[in-house]
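The primary structure of each chain is shown beneath.
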Amino acid sequence: MAVGRVWVAARVCRRVLRRAFSLHKPHSITEMENTLQLVRNIIPPLTTKKHKGQDGRIGIVGGCQEYTGAPYFAAISALKVGADLSHVFCTREAAPVIKSYSPELIVHPVLDSPSAVRDVETWLPRLHTLVVGPGLGRDNVLLENVKGILEASKARDVPIIIDADGLWLIAQHPALIHGYRKAVLTPNHGEFTRLSDAVLRDLVDGSDHREAVRRLSQALGNVTVVRKGERDVMSDGEHVLECAHEGSSRRCGGQGDLLSGALGVLVHWALHAGPEKTNGYVTSSFLVLPVPSRVSHFVCSYV
Ligand SMILES: NC(=O)C1=CN([C@@H]2O[C@H](COP(=O)(O)OP(=O)(O)OC[C@H]3O[C@@H](n4cnc5c(N)ncnc54)[C@H](O)[C@@H]3O)[C@@H](O)[C@H]2O)[C@@H](O)CC1
Ligand SMILES: Nc1ncnc2c1ncn2[C@@H]1O[C@H](COP(=O)(O)OP(=O)(O)OP(=O)(O)O)[C@@H](O)[C@H]1O
Ligand SMILES: [Mg+2]
């Protein structure tokens, strides 16, 4: 039943994605239209010739006593968008709660264990992308473990999406991610301000979002930054893209979590597709960023 539901959702997702890109004109710039056509190219075709896991094995690092919803939203979004397997690495206490939300998730109760880094490292060779931060909380023991997990992931060249409390950690220790081109940071308004205060020496004109995002990305060594808001603004320190496609008018908690989980899959698809599918246009992980804000609202209806 569950597998059937995921399969149907994945098929519907992909069909909707393809239709969205061919029918709806993006609001702002021609640059965006071209980009969306390239994004369309990275969505893998559904075929009987693949084996389980090929379209995405995504790991979510987060989930503690207070927050069990955020990692669930991220992990289930990865599946609904089209990943094959979704793992959650959370605290011992959070694990039974997250497991009980969905049998589709693989839940590892390791994040507060003294062997957390080793435990996650064991899984890294089997993961395509790691999403770090949804529902992580700010407990020092957990943050120390996440530092080790980030170092291990970078050493293995695993793409990393950093969101929520993962961004809190980066604001304290920007060197953890500096210059890692396979990192994507997804700050909301508050998180963006905190990061900018931490790494930018001079104040940026707050009304010029494009320049503010470009400067933050540059200051972090050209990692990709996507600033969420009424318009999502994203930059790799050189190029800047904006997505103003209309989404939900509700501002309830969890929408950013959907986005980070969806990005986990799309970054994998983009890197896997390679530069020939994306015309070598900017870095592949940068290219996929316009998609999730268009996606997250219909993902909501499947979660
Ligand atoms: N059901 C759950 O388990 C949820 C858990 N969450 C977790 O809660 C923790 C804290 O996340 P927060 O997002 O609260 O992060 P912060 O504690 O850094 O707060 C960010 C603040 O910025 C404010 N803000 C956002 N957009 C704004 C705007 N345009 N103008 C002015 N203020 C704005 C928010 O209201 C919030 O107070 C994270 O671990 C997160 O993952 C959230 O993801 C929501 C859902
Ligand atoms: N004012 C807004 N108008 C329209 N869309 C918005 C607005 N603010 C954010 N969004 C969209 O909502 C999504 C989530 O952004 P948001 O700022 O709510 O993240 P968040 O605070 O991290 O969420 P979460 O509660 O999951 O932590 C983004 O895709 C963004 O495009
Ligand atoms: Mg958030």
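Below you will find a few notes about this structure. The model shown is predicted, which means the values in this text are computed figures rather than measured ones. (Residues numbered from 1 in each chain as written. Chains lettered and ligands numbered in written order. Predicted model: local features only at pLDDT ≥ 70, side-chain atom pairs only at ≥ 80, totals over all residues. Heavy atoms only, no water.)

### With respect to the site of ligand 1
Thought 1: Taken together, 17 residues lie around ligand 1, and Ala 70, Gly 135, Asp 165, Arg 194 and Asp 257 are the ones closest in.
Thought 2: One of the side-chain nitrogen or oxygen atoms of Arg 138 is found 3.2 Å away from an oxygen atom of ligand 1.
Thought 3: In isolation ligand 1 has 860 Å² of accessible area, and contact with the protein removes 54% of it.
Thought 4: For the shell around ligand 1, the secondary structure elements donating two or more residues are helix H3 (69-81), helix H7 (164-172) and helix H8 (189-199).
Thought 5: For the shell around ligand 1, a count of residues per class yields five nonpolar, seven polar and five charged. (Near = heavy atom within 4 Å. Polar contact = N/O pair within 3.5 Å; in protein donor to acceptor, adjacent residues only side chain to side chain. Areas by Shrake-Rupley, 256 points an atom, 1.4 Å probe, with all protein chains shown as cover. Helix = DSSP H or I, 4+ residues; strand = E, 2+ residues; numbered from the N terminus. Nonpolar A, V, L, I, M, F, W, Y, C, P; charged D, E, K, R; others polar.)

### Looking at the environment of Ala 164
Thought 1: Mapped onto the secondary structure, Ala 164 falls in helix H7.
Thought 2: The exposure class of Ala 164 is buried, given its relative accessible area of 15%.
Thought 3: If near-sequence neighbours (up to four positions away) are discounted, Ala 164 is found in contact with Gly 133, Pro 134 and Glu 191. (Buried < 20%, exposed > 50% of the residue type's maximum accessible area, 1.4 Å probe, protein only. Contact = heavy atoms within 4.5 Å.)

### Some thoughts on the environment of Leu 185
Thought 1: Within the fold, Leu 185 resides in strand E6 (residues 183-185).
Thought 2: Look at Leu 185 and you get buried, because its relative accessible area is 0%.
Thought 3: Sequence spacing of Leu 185 and Arg 118 is 67 residues, and the spatial spacing of their C-alpha atoms is 24 Å.
Thought 4: In this structure, Leu 185 is in contact with Ile 162, Leu 167, Ile 170, Ile 177, Leu 195, Leu 220, Val 223, Thr 224, Val 225 and Val 226, ignoring residues within four places of it in sequence.

### Remarks on the site of ligand 2
Thought 1: Not every one of the 13 residues close to ligand 2 is listed here, only the nearest: Asn 188, Lys 228, Asp 232, Gly 254 and Gly 256.
Thought 2: Residue Asp 232 places a side-chain N or O atom 2.7 Å away from an oxygen atom belonging to ligand 2.
Thought 3: The separation between an oxygen atom of ligand 2 and a polar main-chain atom of Gly 256 is 2.9 Å.
Thought 4: Here the residues of the shell around ligand 2 sort into one nonpolar, seven polar and five charged.

### Considerations on the pattern of salt bridges
Thought 1: Applying the stated criterion to the full structure yields nine salt bridges.
Thought 2: Across the pair Glu 144 and Lys 147 runs a salt bridge whose closest N-O atoms are separated by 2.9 Å. Of this pair, Glu 144 and Lys 147 both sit in helix H6 (residues 140-155), three residues apart, which is roughly one turn of that helix.
Thought 3: Using a relative accessible area of 46% as the deciding quantity, one classes Glu 144 as partly exposed.
Thought 4: The shortest N-O distance in the salt bridge between Asp 163 and Lys 228 comes to 3.3 Å. Residue Asp 163 is located in the loop between strand E5 (160-162) and H7, and its partner Lys 228 is located in the loop between strand E7 (224-227) and strand E8 (232-235); the two are separated by 65 residues in the primary sequence. With respect to class, Asp 163 is no different from Lys 228; both count as buried.
Thought 5: Linked through salt bridges whose partners overlap, the residues forming this network are Arg 210, Arg 231 and Glu 242. (Salt bridge = Lys/Arg side-chain N within 4 Å of Asp/Glu carboxyl O.)

### Focus on the nonpolar core
Soluble globular proteins tend to bury their nonpolar side chains together.
Thought 1: Counting residues in each nonpolar core, the largest one holds 41 residues, and the members touching the most others are Val 61, Leu 130, Leu 150, Ile 162, Ile 170, Ile 177 and Leu 185.
Thought 2: Looking at this core, the elements that each hand over two or more residues are strand E4 (129-132), H6, E5, H7, E6, H8 and helix H9 (209-219).
Thought 3: When residues in this core are grouped by element, the largest group, six residues, is from H6.
Thought 4: Aside from chain neighbours lying at most four places away, what touches Ile 170 is Leu 150, Ile 162, Leu 176, Ile 177, Leu 185 and Leu 195. (Core = buried A, V, L, I, M, F, W, Y, C linked by side-chain atoms within 4.5 Å.)

### Thoughts on the sheet that holds strand E2 (residues 85-90)
Thought 1: Spatial ordering of the open sheet is given by E3-E2-E1-E4-E5-E6-E7-E8-E9, a layout of nine strands whose pairing is mixed. Looking at which strands have only one partner, the edges of the open sheet turn out to be strand E3 (106-109) and strand E9 (240-243). Geometrically, the sheet is characterised by an average inter-axis angle of 15° between neighbouring strands, direction not taken into account.
Thought 2: By the bridge criterion, three bridges tie E7 to E8 in an arrangement that is antiparallel. Paired with Val 226 across the strands is Met 234, a residue of E8.
Thought 3: On the sheet, H9 packs against E7, E8 and E9 and is oriented at approximately 40° with respect to E8. (Pairing = 2+ DSSP bridges. Axes fitted to C-alpha atoms, helices over the stretch in contact; angles between N-to-C directions.)

### Points about the packing of aromatic side chains
Thought 1: Applying the stated rule across the entire model yields two aromatic pairs.
Thought 2: Ring centres of Tyr 72 and Phe 73 lie 5.8 Å apart, and the angle between their planes is 55°; on these two criteria the pair is classed as tilted.
Thought 3: Phe 73 gets classed as partly exposed once you look at its relative accessible area, which sits at 27%.
Thought 4: Taking 5.2 Å as the distance between ring centres and 65° as the angle between the ring planes, the aromatic pair formed by Tyr 72 and Tyr 101 counts as edge-to-face. Taken together, the residues span a long stretch of sequence, with Tyr 72 in helix H3 and Tyr 101 in helix H4 (residues 95-101) at a distance of 29 residues.
Thought 5: When its relative accessible area of 15% is taken as the criterion, Tyr 72 is described as buried.
Thought 6: Given the relative accessible area of 38%, Tyr 101 is considered partly exposed.
Thought 7: The positively charged end of Arg 126 is found above the aromatic ring belonging to Trp 123, 4.1 Å away from the centroid.
Thought 8: Here the basic side chain of Arg 138 rests over the ring of Trp 168, its NZ or CZ set 4.3 Å away from the ring centre. (Phe/Tyr/Trp six-rings, centres within 6.5 Å; stacked < 30°, edge-to-face > 60°. Lys NZ or Arg CZ within 6 Å of the ring centre and 35° of its normal.)

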